[in-house]
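# Fold and geometry: a report
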Amino acid sequence: RSMVSHEHVIHHIPNLIDDMVFKPIDKKIARSILNLPQDKIIITFGCQSGVHNEIKGWKYLRDALNMLPYTKDRVELVIYGSNRDEEVERNVKYPVRFIGSVSDEHKLVLICNASSLFVSPSLSESFGMTLLENILCNTPVVSFDNTAIPETVKTGLNGYLAANKSTEDLAKGMEWTLS
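Since the structure is predicted, the reported quantities are computational estimates derived from the model, not experimental observations.

On a plain count of helices and strands, the chain comes out with six helices and six strands. In sequence order, the chain lays out its α and β elements as α-β-α-β-α-β-α-β-α-β-β-α. At 17 Å, the chain has a C-alpha radius of gyration in line with the 16 Å of a compact globule built from 179 residues. By its C-alpha atoms, the chain is 65 × 35 × 30 Å across when sized along the principal axes. Evaluated residue by residue, the chain yields a buried proportion of 50% over its 179 residues. A sequence separation of at least 24 residues applies to 58% of the contacts in the chain between residues at least 6 apart. On the chain, roughly 9800 Å² of surface is accessible, and the fraction owed to carbon and sulfur atoms is 51%. Charged side chains of the chain number 19 positive and 22 negative; the gap between the two group centres comes to 5 Å.

Rendered as structure tokens:
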């Protein structure tokens, strides 16, 4: 209808993430449905083949987790998008729960809402959908300050941007965000 664009084809590209689906729900209810402990810090990491995809930065998260000052009974790591991996379990000082592939967005909303913190130590992201999904559920996120991530994550507002490839800063950001 515009005089400027009336002779041009206009395409509308909708938001990739439905903010009517990805929204906050009660953390206790989400944890209860997923059978997650109510009294622990739940740190989540999620992506397809995340622990085996070097670009997703699993080794940085593994090392940062082992730097955290919390006792073993205080934290649980939840990994979705990857199947159980005994090597991961052996190399992290906290209990690890693998959820496997998640194709149901309502289950993903529960995971995002059950989390105390979502960590994405990705070395390269074109968009970072998992970050935005968690942010829409009011779950703080920690990620590296690289590629497109700073467009979504704002330190002090919805999470923490750690210096790229710095395990120490990733651990600092996790501890700072949880406190």
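What follows continues from the structure just given.
All right, on to a nonpolar patch on the surface then. There is a patch of nonpolar side chains on the surface, built from Leu 16, Phe 127 and Met 129 and spanning about 270 Å² of accessible area. For Met 129, the position within the fold is in helix α5 (residues 129-136). Take Met 129: its relative accessible area is 37%, and that puts it in the partly exposed class.

Taken N-terminus to C-terminus, the directions of helix α1 (residues 27-34) and helix α4 (residues 105-114) make an angle of 120°; their axes are 8 Å apart at the nearest point. With respect to each other, α1 and α4 are oriented oblique. As for the relative orientation of α1 and α4, their crossing is left-handed in sense. Along the contact surface, α1 presents Lys 27, Ala 30, Arg 31, Ile 33 and Leu 34, while α4 presents Lys 107, Leu 110, Ile 111, Asn 113 and Ala 114. A per-class count over the contact of α1 with α4 returns six nonpolar, one polar and three charged.

The next thing to look at is the sheet that holds strand β4 (residues 117-120). What links the strands of a sheet is backbone hydrogen bonding, and the strands pair in either a parallel or an antiparallel sense. An order of β3-β2-β1-β4-β5-β6 is seen for the six strands of this open sheet, with the pairing classed as parallel. Two strands lie at the open edges of the sheet, namely β3 (96-100) and β6 (159-162), each paired on one side alone. Direction aside, the axes of adjacent strands within the sheet are offset by 20° on average. Two elements, β4 and strand β5 (residues 141-144), share three bridges in a ladder whose sense is parallel. Residue Ser 120 lies in a different strand from β5, and its bridge partner there is Ser 143.

Within helix α2 (residues 58-65), the full set of buried residues consists of Trp 58, Tyr 60, Leu 61, Ala 64 and Leu 65. Seen along its axis, α2 keeps its buried residues to an arc of 160°; they face one direction. Contacts made by the buried residues of α2 are with β1 (41-46), β2 (75-80), α3 (86-91), β4, β5 and α6 (167-178).

In the contact formed by α2 and α6, the axes pass within 8 Å of each other and the chain directions differ by 60°. For the element pair α2 / α6, the angle class is oblique. Taken as a pair, α2 and α6 cross one another with a handedness that is right-handed. Listed contacts from α6 to Tyr 60, Leu 61, Asp 63, Ala 64 and Leu 65 of α2 are Thr 167, Leu 170, Ala 171 and Met 174.

Conventions adopted
Residues numbered from 1 in each chain as written. Predicted model: local features only at pLDDT ≥ 70, side-chain atom pairs only at ≥ 80, totals over all residues. Heavy atoms only, no water. Helix = DSSP H or I, 4+ residues; strand = E, 2+ residues; numbered from the N terminus. Rg over C-alpha atoms; globule rule 2.2 N^0.38 Å. Buried < 20%, exposed > 50% of the residue type's maximum accessible area, 1.4 Å probe, protein only. Contact = heavy atoms within 4.5 Å. Areas by Shrake-Rupley, 256 points an atom, 1.4 Å probe, with all protein chains shown as cover. Lys, Arg positive; Asp, Glu negative; His and termini not counted. Charge placed at Lys NZ, Arg CZ, Asp CG, Glu CD. Patch = residues over 30% accessible without salt bridge, like charges linked within 9 Å, V, L, I, M, F, W, Y side chains within 5 Å. Salt bridge = Lys/Arg side-chain N within 4 Å of Asp/Glu carboxyl O. Axes fitted to C-alpha atoms, helices over the stretch in contact; angles between N-to-C directions. Parallel < 35°, antiparallel > 145°, perpendicular 65-115°, else oblique. Left-handed = near helix turned anticlockwise from the far one by under 90°. Nonpolar A, V, L, I, M, F, W, Y, C, P; charged D, E, K, R; others polar. Pairing = 2+ DSSP bridges. Arc of directions from axis to C-beta.

Just distances and angles here, no functional claims.
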